[in-house]
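Take a look at the letters that make up each chain.
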Amino acid sequence: MGRFLHVLSMIAFVAIAASSCKLDAPVYPIAEKPPEVVKPDTTTIPDAGPDSFYTVPIGALNTIVFKIDDGENVTLTEPTADITPNNGSATTGYTMVLADQVSPEVTFKLNFSAARAGEFADDLLWLIYKDFRLTDDSSGKVKAVIVRKDTNGYLVKGYFRILATNDNDGTLHTVIGSFNVSK
């Protein structure tokens, strides 16, 4: 009987010990609201500045800025933009930037064959300004840094460089500029 009491006391001890060693319920962290993801407003992305090929910095929103050779900057303040995505008739899409101004008289048309950012050569640029004319001579380059179409309209931002002819003497001149259009 002594042995039986000893085994019984051992079982009671183990039972008491086991019941007092209960695991606490797991403690989970208090649910926190995840930080809000803020998408940057691309209209305020700072311009990277001119580079060695495009030397006119991107101007204020809704401007086209250009200069001929090392002359003064000409700023057009009411440009428009249109982006056509790639589809059956335009496999790469295209982007157009336009401006007409009465004083001084300027007609500006830029069309590059893509609906995306990138650098494009030999695309259409039409410029009439003073005695300078350019009509698609395939000498131009465009560097689009932002091309975006969304529910609010279009944002097209970048640089261009092209040669223009002086109608008075037939000389060629370098036209360098930038565009920043949101419509």
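Residues numbered from 1 in each chain as written. Predicted model: local features only at pLDDT ≥ 70, side-chain atom pairs only at ≥ 80, totals over all residues. Heavy atoms only, no water.

*Asks:* What's the story with the overall build of the chain in this structure? I'm lost.
*Replies:* The secondary structure content of the chain amounts to one helix and 11 strands. Traced from its N-terminal end to its C-terminal end, the chain shows the element sequence α-β-β-β-β-β-β-β-β-β-β-β. Contacts in the chain between residues at least 24 apart in sequence constitute 49% of all its contacts with a sequence separation of at least 6. Entry remark: accessible area of the chain is about 11,700 Å², with carbon and sulfur atoms responsible for 58%. (Helix = DSSP H or I, 4+ residues; strand = E, 2+ residues; numbered from the N terminus. Contact = heavy atoms within 4.5 Å. Areas by Shrake-Rupley, 256 points an atom, 1.4 Å probe, with all protein chains shown as cover.)

*Asks:* Sorry, what's going on with the pattern of salt bridges here?
*Replies:* Scanning the model with the defined rule gives one salt bridge in all. In this structure, arginine 133 engages aspartate 167 in a salt bridge whose closest nitrogen and oxygen atoms are separated by 2.6 Å. One end of the pair, arginine 133, is in strand 8 (residues 132-135); the other, aspartate 167, is in the loop between strand 10 (153-166) and strand 11 (172-182), with 34 residues separating them in the sequence. On the accessibility criterion, aspartate 167 (44% relative accessible area) is partly exposed. (Salt bridge = Lys/Arg side-chain N within 4 Å of Asp/Glu carboxyl O. Buried < 20%, exposed > 50% of the residue type's maximum accessible area, 1.4 Å probe, protein only.)

*Asks:* Honestly, empty space enclosed by the protein in this entry has me stumped. Any pointers?
*Replies:* It is the rolling of a water-molecule-sized probe over the atoms that shows where space remains empty. The tally for this structure, following the rule as stated, stands at one cavity of 30 Å³ or more. One number sums up the size of the largest cavity: a volume of about 40 Å³. Lining of the largest cavity is provided by Leu110, Asp123, Leu124, Leu125, Gly140, Lys141, Val142, Phe160, Arg161 and Ile162. Of all the secondary-structure elements, those providing two or more residues to the lining of the largest cavity are strand 7 (124-129), strand 9 (141-150) and strand 10. Looking at the lining of the largest cavity element by element, the count peaks at three residues for strand 10. A class-by-class count of the residues in the lining of the largest cavity yields six nonpolar, one polar and three charged. (1 Å grid on protein atoms, 1.4 Å probe; cavity = no way out; pocket = protein on both sides within 12 Å on 5 of 7 lines; lining within 4 Å. Points joined across faces, edges and corners; volume = space filled by probe spheres on them. Nonpolar A, V, L, I, M, F, W, Y, C, P; charged D, E, K, R; others polar.)

*Asks:* Teacher, can you tell me more about the pairing of strand 5 (residues 106-112) here?
*Replies:* For a regular strand, side chains alternate in direction, first toward one face of the sheet and then toward the other. The buried fraction of strand 5 amounts to five of the seven residues, a majority that puts the element mostly inside the structure. Here strand 4 (residues 94-101) pairs with strand 5 via seven bridges, running antiparallel. Pairing of aspartate 100 across the sheet is with threonine 107, part of strand 5. Taken together, strand 4 and the strand that follows it, strand 5, pair antiparallel across an intervening segment of four residues. As judged from the six bridges shared by strand 5 and strand 7, these two strands associate in the antiparallel manner. The residue bridging threonine 107 from the neighbouring strand is isoleucine 128, located in strand 7. (Pairing = 2+ DSSP bridges.)

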